[in-house]
Amino acid sequence: MCGIIAYTGIGPALPILIRGLRRLEYRGYDSAGVALLDNGLLTRIRAVGKIDVLSEKIKDQELLGTTGIAHTRWATHGGVTEENAHPHTALGGKLMIVHNGIIENYRELKESLLSDVQSLPPEEPVDFKSQTDTEVLAHLIAKHYQGDLRRAVETALSHVRGTYGLVVMHADHPDILVAARMGSPLVIGMDSTGHYIASDATPILAYTNKVMFLDDGEVAEVTSTSVKTYNLHDEYVEKHLEHIDWDEKQAERQGFSHFMLKEIFDQPTVFQDAIRGRYNIAEGTAQLGGINLTDNQMREINRVIFIACGTASHAAMIGKYAFERLAGIPAEVEVASEFRYRDPVIDTHTLVFAISQSGETADTIAAVREAKRRGAVVRGIVNAVGSTIARETDGGTYIHAGPELAVASTKAYTNMVAVLLLYALQFGRLRRLSLATGTRVVDALREVAEKMKQTLQLSEEIKKIAQKYSGYRDMMFLGRGINFPVALEGSLKLKETSYIHSEAYPGGEMKHGALALLSPDFPVFGIMTKNQLYEKMRSNIEEVRARGVNVILLATEGDSSAQELADDVIYVPETMELLEPLINTIPLQLFAYHMAVILGRDVDRPRNLAKSVTVE
Ligand code: M6R
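Along each chain, residues carry numbers from 1 onward, in the same order as the chain's sequence is written. Since the coordinates come from a predicted model, pLDDT governs what is reported: local features require at least 70, and pairs of side-chain atoms require 80 or more to be given and counted, while whole-chain, interface and lining totals use all residues. Note that water and hydrogens are dropped before the side-chain values are worked out from all heavy atoms of the structure.

Student: Looking at this structure, how should I read the packing of aromatic side chains?
Tutor: Only centres within 6.5 Å qualify two rings of Phe, Tyr or Trp (six-membered ring in Trp) as a pair; their planes then separate them into stacked at under 30 degrees, edge-to-face at over 60, and tilted for everything else. Per the stated rule, a full pass over the model turns up 12 aromatic pairs. Here the aromatic rings of F477 and F525 are separated by 5.3 Å at their centres, their planes lie at 15°, and the arrangement is stacked. Residue F477 is found in strand β23 (residues 474-479), and its partner F525 is found in strand β25 (residues 524-527); the two are separated by 48 residues along the sequence. Members of the aromatic cluster, connected to one another through ring pairs, are F306, F323, F353, Y423 and F427. Over the ring of F128 we find K110; its NZ or CZ atom is 4.8 Å from the centre of that ring. Note on geometry: a ring has a charge over it if NZ (lysine) or CZ (arginine) is within 6 Å of the ring centre and within 35 degrees of the ring normal. One cation-aromatic arrangement involves K530 over Y534; the distance from NZ or CZ to the ring centre is 4.9 Å. Put simply, DSSP marks the helices as runs of H or I at least four residues long and the strands as runs of E at least two long, and each gets a number from the N terminus on.

Student: Sorry if this is basic, but what is going on with the nonpolar core here?
Tutor: Soluble, globular proteins show a tendency: their nonpolar side chains are buried together. Residues enter a nonpolar core if they are buried and are Ala, Val, Leu, Ile, Met, Phe, Trp, Tyr or Cys, with the set joined through side-chain atoms within 4.5 Å. Accessibility here uses a 1.4 Å probe with only protein chains present; expressed as a share of the type maximum, an area under 20% marks a residue as buried, one over 50% as exposed, and anything in between as partly exposed. F323, F353, I355, F427 and F591 are the most contacted members of the largest nonpolar core, which totals 97 residues. If one sorts the elements of this core by residue count, helix α13 (residues 411-430) sits on top with 14 residues. The residues that make up this core include at least three from each of domain 2 (253-452) and domain 3 (457-616). The contact definition used throughout considers only heavy atoms, calling two residues in contact when any of these lie within 4.5 Å. When sequence neighbours within four positions are dropped, the list of residues in contact with F323 reads V304, F306, G328, I329, A331, F353, L420, Y423, A424 and F427. Core analysis: the second largest hydrophobic core is formed by 31 residues, I5, L17, L36 and F213 among them. Domain borders in the structure are assigned automatically or taken from a domain database.

Student: Teacher, can you tell me more about the packing of helix α7 (residues 267-275) against α13 here?
Tutor: Any two packed helices are characterised by the angle at which their axes cross and by the distance between the axes. The interhelical angle for the contact between α7 and α13, taken along N-to-C directions, is 30°, at an axis separation of 9 Å. The pairing of α7 with α13 is recorded here as roughly parallel in orientation. You can see that α7 and α13 cross each other, and the crossing is right-handed. Along its contact with α7, which presents Q267, V270, F271, A274 and I275, the element α13 presents K411, T414, N415, A418 and L422. Grouping the amino acids of the contact of α7 with α13 by side-chain chemistry returns 6 nonpolar, 3 polar and 1 charged. The axes used here are C-alpha line fits, helices contributing only the stretch in contact, and every angle between their N-to-C directions lies in the interval 0 to 180 degrees. Orientation categories follow fixed angle ranges, with anything under 35 degrees roughly parallel, anything over 145 roughly antiparallel, 65 to 115 roughly perpendicular, and all other angles oblique. By convention, the crossing between two helices is left-handed when the near helix turns anticlockwise from the far helix through less than a right angle, and right-handed when the turn is clockwise. Gly is placed with the polar residues, together with every amino acid not listed as nonpolar (Ala, Val, Leu, Ile, Met, Phe, Trp, Tyr, Cys and Pro) or charged (Asp, Glu, Lys and Arg).

Student: Would you explain empty space enclosed by the protein in this entry?
Tutor: Picture a little ball the size of a water molecule; that probe, rolled over the atoms, points out where space is still empty. A pocket here means an open set of points on a 1 Å grid, computed over the protein atoms alone, that has protein on both sides within 12 Å along at least five of seven lines. A cavity is instead a set of points where a 1.4 Å probe fits but cannot get out; residues with an atom within 4 Å of a point line either one. Grid points are joined across faces, edges and corners, and a volume is the space filled by probe spheres set on the points. Overall, the coordinates contain 5 cavities of 30 Å³ or more when judged by the stated rule. Taken as a whole, the largest cavity spans an internal volume of roughly 320 Å³. Along its surface, the largest cavity is lined by 25 residues, and Y26, D200, A201, S358 and A384 are the ones closest to its centre. Here the lining of the largest cavity gathers at least three residues from each of two domains, domain 1 (3-250) and domain 2 (253-452). Here the second largest cavity is characterised by a volume of approximately 160 Å³. The wall of the second largest cavity is formed by 20 residues, among which C2, T76, H99, N100 and G101 lie closest to the centre. The set of elements that each furnish at least two residues to the lining of the second largest cavity consists of β6 (95-100) and α4 (133-144). For the lining of the second largest cavity, the per-class residue count stands at 6 nonpolar, 11 polar and 3 charged.

Dropping the structure here:
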């Protein structure tokens, strides 16, 4: 959703801010703006639309200054207008703020500020120009400003309910940025030229890997040479630098036409990053130390709950199958937005895994807090290093997918599945799983990357199939067993990138209603690879076929009989059944990708969506 980049140092700020805004584009936005401080004068420029529109507006202006703030806005309060774009100002333009999050009590704060107007000097007008909660915050800080910007921010925030990640600057403090966090992440990076503040690490990676993560309730006073952090009671807080092992190159398209395609093709490499050093061939097991539980504590776990949203919840479903099959532990998946408002029955033997690429999904964070409150053992399976879920869980595992910038998640899903399989194996070997089966799983995992590479070679073939089906408005994905979550994921990928209506069903459930939807205008994409449910799935596809429906089938290499049932067959390499999602999802990702390109969609930034959903 919204993004922040700010800089103070000895270098010119504008190029850093514009480059940073481009790096933040992936989060989803509808307007953007920058403000620079030069010779005691603050200049602000904002524009609706892409960063290119903003750059065009800036290009004829001489915007100097080595301190500045910038923002990409994804509208929540107030429409998509230039007036509502950040930065927002107060004190007649002397104070500027960029803000992510939502100030819940902004209406009452606004009323109170307006009722104060009479008592304020004329040079400090409270003049609301936008409909945003952020502008209210700007005036609230201004109200408490008495020469010390950080104290003004701290006092203002003590009146605020809601979430924020914010950066404030003031014309009278040329070298100071004040940043504060509550619920919306902020990262501070440092190099030899100065300091960077951003809503995630991606815009900072070009300059440094040395970062500091602000925690909720912390305020930082950042100058070109120092960072001082405090809590909201104005007490000094000691913070440490951390190292992020992502690099800027990973966050580039590297010759691919879209991030989504690049990230699909990243999968063999990042999958190896996810499993490297985490399995033990001799013992036929996995070794994920981050779980922070002894073997005995792991044996005492009698129930696993996965909480996640969207694609992460599909990965979680695969985790459920794996935990039940390999470890014999009852497992459930619940979307975080439901879990957080239920009365979940949880005890100290329940292990809750929070799964998230960004680690910042608001519902998943809330569900983590709820599970912890109820006494569960809560662990994270997360991609973004230092993210809120990674920090708030008492252990867990990074999935090592590297920066994922396309809104449609692909490689993060694969690596979530990889880590979940490893966990299921580890728990299984501590319980009932034999060495022989454990070894078979490890061996099969070690062959996956090569099979992924083979599957990726199908891209051009899949493009032709996508072309053939690009005129349809509806599509049904069918799978059974471990391939039902794969069908759900294929369906989600298609709808979010190409805007084609799609549904996903377990093959055996069709007769109970959804079969009525099918017609020659409603094609089916079936996953019918050779596993224990192959014959069952075959019957389901025959039922569909008998109704004159066009069928695309994903089948195992060598299964020539699949041709009899389908208009188009995509053959994938055979693997162990539990590992099939790691291979079978790839053609579905490619199908969605090519379809979106053919239909002229904004592939990496589909309409109405944001990469990381940081509001409820
Ligand atoms: O960052 P997270 O993994 O927590 O995000 C969860 C979902 O918002 C995300 O998977 C979403 O469904 C993607 N757009 C799917 O491609």
